[in-house]
Amino acid sequence: MLNDQMIYILRIILAGICGIAIGMERKNRSKEAGIRTHFVVACGAALIMIVSKYAFFDLIQGGAFGDVEVRLDPSRVASTIASGIGFLGAGMIFVHKNTISGLTTAAGIWATSGVGMAI
């Protein structure tokens with residue numbers, strides 16, 4: 001049977017595979033932000049969600065905080081991932097002579113982070 005750490009690693013690998021698939025589609029269309037970018041975004045989002053959800057249970061279960069009630073809210077971390085990736089995506093959008101480029105790439109990076117968070 002797989003232990004918890006192996007399951008977490010498999011989740012990150014699965015997120016990376018999904019990021020690679022999205023990145024390959026972008027690369028085949030000769031667009032910016034190809035395989036590596038989407039891979040890193042998906043793996044990073046999955047890793048941050050795993051850390052936010054599971055990293056501190058040992059402190060709470062072990063009574064490290066005494067009688068203080070501690071609540072964890074992974075959704076707060078998810079919102080910071082979405083806004084942080086949105087900030088990176090904003091740097092990919094260019095306006096030149098009334099034409100916009102990079103909008104789809106920015107949206108793809110943002111969606112890839114969502115895939116990583118979901119996994």
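Positions within a chain are numbered from 1, following the residues in the order the chain's sequence is written. Local features in a predicted model are, by the rule used here, given only for residues with pLDDT of at least 70; side-chain atom pairs are given and counted only at 80 or more, and totals for whole chains, interfaces and linings are based on all residues. Computation of side-chain values covers all heavy atoms of the structure but excludes hydrogens and water.

**Q** Where do I start with the nonpolar core in this structure?
**A** As a rule of thumb, soluble globular proteins bury nonpolar side chains together. Ala33, Val41, Ala45, Met49, Ala78, Ile81, Ile85, Ile109 and Met117 together form the largest nonpolar core, which totals 9 residues. Secondary structure is summarised from DSSP: a helix means a run of H or I of at least four residues, a strand means a run of E of at least two, and numbering begins at the N terminus for each. Put simply, the parts of the chain that give this core at least two residues each are α2 (35–54), α4 (74–90) and α5 (103–118). Here, two residues are considered to be in contact whenever any of their heavy atoms come within 4.5 Å of each other. Every residue in contact with Ile109, bar those within four places of it in the chain, is listed here: Ala33, Thr37, His38, Val41, Ile85 and Met92. Nonpolar cores were defined as sets of buried Ala, Val, Leu, Ile, Met, Phe, Trp, Tyr and Cys residues, with membership established by side-chain atoms within 4.5 Å. Relative accessibility under 20% of the residue-type maximum defines a buried residue, over 50% an exposed one, and the middle range a partly exposed one, all with a 1.4 Å probe and only protein chains included.

**Q** Where do I start with the packing of α2 against α5 in this structure?
**A** Each pair of packed helices can be summarised by the angle the axes make with each other and by the distance between the axes. Relative orientation of the contacting elements α2 and α5 amounts to 40 degrees, with a least axis distance of 7 Å. With respect to α5, the element α2 is oriented oblique. For the element pair α2 and α5, the recorded crossing hand is right-handed. Contacts between α2 and α5 involve Thr37, His38, Val41, Ala42, Ala45, Ala46 and Met49 from the former and Gly108, Ile109, Thr112, Ser113, Gly116 and Met117 from the latter. For the contact of α2 with α5, the class distribution of residues is 7 nonpolar, 6 polar and no charged. Every angle, taken between N-to-C directions, lies between 0 and 180 degrees, and every axis is a line fitted to C-alpha atoms, over only the stretch in contact when it is a helix. Should an angle fall under 35 degrees it is taken as roughly parallel, and over 145 as roughly antiparallel, whereas 65 to 115 is taken as roughly perpendicular and any remaining angle as oblique. Helix crossings get a hand from a simple test, with the near helix turned counterclockwise from the far one by less than a right angle marking a left-handed crossing and a clockwise turn marking a right-handed one. We call Asp, Glu, Lys and Arg charged. Ala, Val, Leu, Ile, Met, Phe, Trp, Tyr, Cys and Pro are nonpolar, and the rest, Gly among them, are polar.

**Q** What am I meant to see in the side chain of Thr105 here?
**A** Its location among the elements puts Thr105 in helix α5. Every residue in contact with Thr105, bar those within four places of it in the chain, is listed here: Arg26, Glu32, Ala33 and Met92.

**Q** Any chance you could explain the packing of helix α1 (residues 4–28) against α2 here in plain terms?
**A** Across the interface, α1 lies against α2 with an axial gap of 7 Å and an inter-helix angle of 155 degrees. Relative to α2, the element α1 lies roughly antiparallel. Handedness of the crossing formed by α1 with α2: right-handed. Residues Tyr8, Arg11, Ile12, Ala15, Gly16, Gly19, Ile20, Ile22, Gly23, Met24, Arg26 and Lys27 of α1 pack against Ile35, His38, Phe39, Ala42, Cys43, Ala46, Leu47, Ile50 and Tyr54 of α2. Split into classes, the residues belonging to the contact of α1 with α2 amount to 14 nonpolar, 4 polar and 3 charged.

**Q** Looking at this structure, I do not really get the environment of Ala90. What am I missing?
**A** Residue position: Ala90 is located in helix α4. Assessed through its relative accessible area of 47%, Ala90 is described here as partly exposed. For the pair formed by Ala90 and Ala107, sequence separation is 17 residues and the distance between their alpha carbons is 9.5 Å.

**Q** Help me out: how do you make sense of the environment of His38 in this one?
**A** Relative to the helices and strands, His38 is located in helix α2. The exposure class assigned to His38 is buried, which follows from its relative accessible area of 0%. The spacing of His38 and Ile17 is 21 residues in sequence and 9.6 Å in space, taken between C-alpha atoms. Any N or O atom pair separated by 3.5 Å or less is treated as a polar contact, with the protein-specific requirement of one donor-capable and one acceptor-capable atom, and with residues adjacent in sequence counted only for side-chain atom pairs. Of note is the side chain of His38, whose polar atom sits 2.9 Å from the backbone oxygen of Gly34.

**Q** Got a minute to help me understand the confidence of the model for the protein in this structure?
**A** Detailed reading of the predicted coordinates is not advisable wherever pLDDT is low. By definition, pLDDT measures how confident the predictor is in each residue, and it falls between 0 and 100. Model confidence for the protein is summarised by a mean pLDDT of 84, while 83% of its residues fall at 70 or above. Put simply, helix α3 (residues 57–61) is where the protein has its lowest mean pLDDT, 62, and α1 is where it has its highest, 93.

**Q** Sorry, what's going on with the state of the cysteines here?
**A** Formally, a disulfide is one covalent bond, and it connects the sulfur atom of one cysteine to the sulfur atom of another. The definition used for a disulfide is geometric: two cysteine sulfur atoms within 2.5 Å. Throughout the structure, instances matching the rule amount to 0 disulfides. Considering cysteine sulfurs only, Cys43 is the nearest to Cys18, which forms no disulfide, with 9.8 Å between them. For Cys18, a relative accessible area of 25% corresponds to the partly exposed category. According to the relative accessible area criterion, Cys43 is buried, its value standing at 13%.

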